[in-house]
Amino acid sequence: MSKKFIRKSVLENVRTLSAFDYLNNYHPSLLVKNGKKDYYHREHESLHFSNGMWYWWSQGVGGTTALDYLIAVEGYDFKEACNYLASLMNISDPVVTYYHKKETKPFELPEKDKNNNLVIRYLCETRKIDREIVDYFISKGMLYQSANFRNAVFVGYDGDMPAYAFKRNIFKDFKLEHTGSNKAFSFNYQNKESNVLHVFEAAIDLLSYMTRLKMEDIDYKSFNYLSLGGACEKIAAKNEADMPIALNAFLERNPNVQIIVFHLDNDEVGRGATQKIMMIARRNYQCFDNHPVNFKYVNDELIHKSLLLSTDL
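First, a word on scope: everything that follows refers to the structure included in this document. Treat the numbers as computed from the prediction; the structure is a model and nothing was measured.

Overview of the environment of isoleucine 303
Then, in step 1: Following the sequence through the fold, isoleucine 303 ends up in helix α11 (residues 298–312).
Then, in step 2: Since its relative accessible area comes to 22%, isoleucine 303 is described here as partly exposed.
Then, in step 3: Separated by 186 residues in sequence, isoleucine 303 and asparagine 117 place their C-alpha atoms 20 Å apart.
Then, in step 4: In this view, isoleucine 303 contacts Thr126, Arg127 and Lys128; residues no more than four positions away in its chain are not counted.

Some words on the sheet that holds strand β4 (residues 53–56)
Then, in step 1: Taking strand neighbours across the sheet as the criterion, the 5 strands line up as β1-β2-β3-β4-β5 in an open arrangement whose pairing is antiparallel. Taken across any chain shown, the strands that pair with only one partner, and hence form the sheet edges, are β1 (31–33) and β5 (61–63). In this sheet, neighbouring strand axes are inclined to one another by 25° on average, regardless of whether the strands run parallel or antiparallel.

A word on the nonpolar core
Then, in step 1: In terms of nonpolar packing, the biggest core is built from 29 residues, with Leu123, Phe137, Phe154, Phe187, Leu207, Met210 and Tyr225 touching the most fellow members.
Then, in step 2: Counting residues per element, this core draws most heavily on helix α7 (residues 203–215), at 7 residues.
Then, in step 3: Residues contacting leucine 207, with those up to four places away along its chain left out, are Ile129, Ile133, Phe137, Phe154 and Phe187.
Then, in step 4: Ranked by size, the runner-up nonpolar core spans 27 residues in total, among them Leu23, Tyr26, Trp54 and Leu85.

Describing the sheet that holds strand β11 (residues 196–200)
Then, in step 1: Ordered in space as β10-β12-β11-β13-β14, the 5 strands form an open sheet in which the pairing is mixed. Bordering the open sheet on either side are β10 (188–189) and β14 (286–289), each of which pairs with just one other strand.
Then, in step 2: As paired elements, β11 and strand β12 (residues 224–227) share 4 bridges and run parallel to each other. By the bridge assignment, phenylalanine 200 is partnered in β12 with serine 227.

Points about the pattern of salt bridges
Then, in step 1: Inspection of every chain in the model, using the stated rule, returns 8 salt bridges.
Then, in step 2: In this structure, arginine 131 and aspartate 135 form a salt bridge, with 2.9 Å as the shortest nitrogen-oxygen distance. Of the two residues, arginine 131 and aspartate 135 both sit in helix α6 (residues 131–139), 4 residues apart, roughly one turn of that helix.
Then, in step 3: For glutamate 216, the salt bridge goes to arginine 212, with nearest N and O atoms at 3.8 Å.

What counts and how
- Residues numbered from 1 in each chain as written.
- Predicted model: local features only at pLDDT ≥ 70, side-chain atom pairs only at ≥ 80, totals over all residues.
- Heavy atoms only, no water.
- Helix = DSSP H or I, 4+ residues; strand = E, 2+ residues; numbered from the N terminus.
- Buried < 20%, exposed > 50% of the residue type's maximum accessible area, 1.4 Å probe, protein only.
- Contact = heavy atoms within 4.5 Å.
- Pairing = 2+ DSSP bridges.
- Axes fitted to C-alpha atoms, helices over the stretch in contact; angles between N-to-C directions.
- Core = buried A, V, L, I, M, F, W, Y, C linked by side-chain atoms within 4.5 Å.
- Salt bridge = Lys/Arg side-chain N within 4 Å of Asp/Glu carboxyl O.

The values reported here are purely geometric and, on their own, carry no functional implication.
In structure tokens, the structure reads:
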């Protein structure tokens, strides 16, 4: 076959091969199972394959076909990739994976309780978060008390529609994302006029930092805020730098952001995740690591400061 020209029929055939099927048929050792239907690349841990598509999180590129994959990941030029795939497919017909579209139910929030009294008491009295801040997020439908189990529910929105919910029990150490949550819309606060984004592991730490600012007479609404919803453990465990889905999506929706300040936990996981995320984010943003120094969580700092103030009084 000519190396200079790619016949239309050959190109059409090559484009039918997905990146997953290319690797599964011709380089299966490069695929590592990562759940029921998800795989990642053995040499690039942030390169994932799922439902016929691939996305390389550390590089911010993705696609469906083996042709896209070879060009973006392996560095082939277009003609080389076409000829290479055509030769492989002529030698051995690939086994093709067929995907059946699964009917998805609309996302539904946990049922709301008749009031938010227990959650307000927990956040304001136990966690020392400012009542005005708690009331603000309740008024926006971004925080409430669930009817079952009395969880504090932190809500993220896709436009006007709820798309994400994180549940935190107020009586015991239970915390979990609600079924069907889209992590791209994790709990956040947006200020389109600000170019600064503060990033936290948990929603309670986000609210705690707002409270700290208010205590210092700083307008807590003058910045952007994002909770990663506990994504840091997986990021810290990877050898390759990775951008969390929640952060990547927030930055795409808010092109005004130029500065990112990280307030992740002061432990091995939090510090490790911060450094790996910053390796990528520094390409396009000014980044600062502002994790707690004397405590593990931002909320621990707030509780300590609140106790000191009450003692002084």
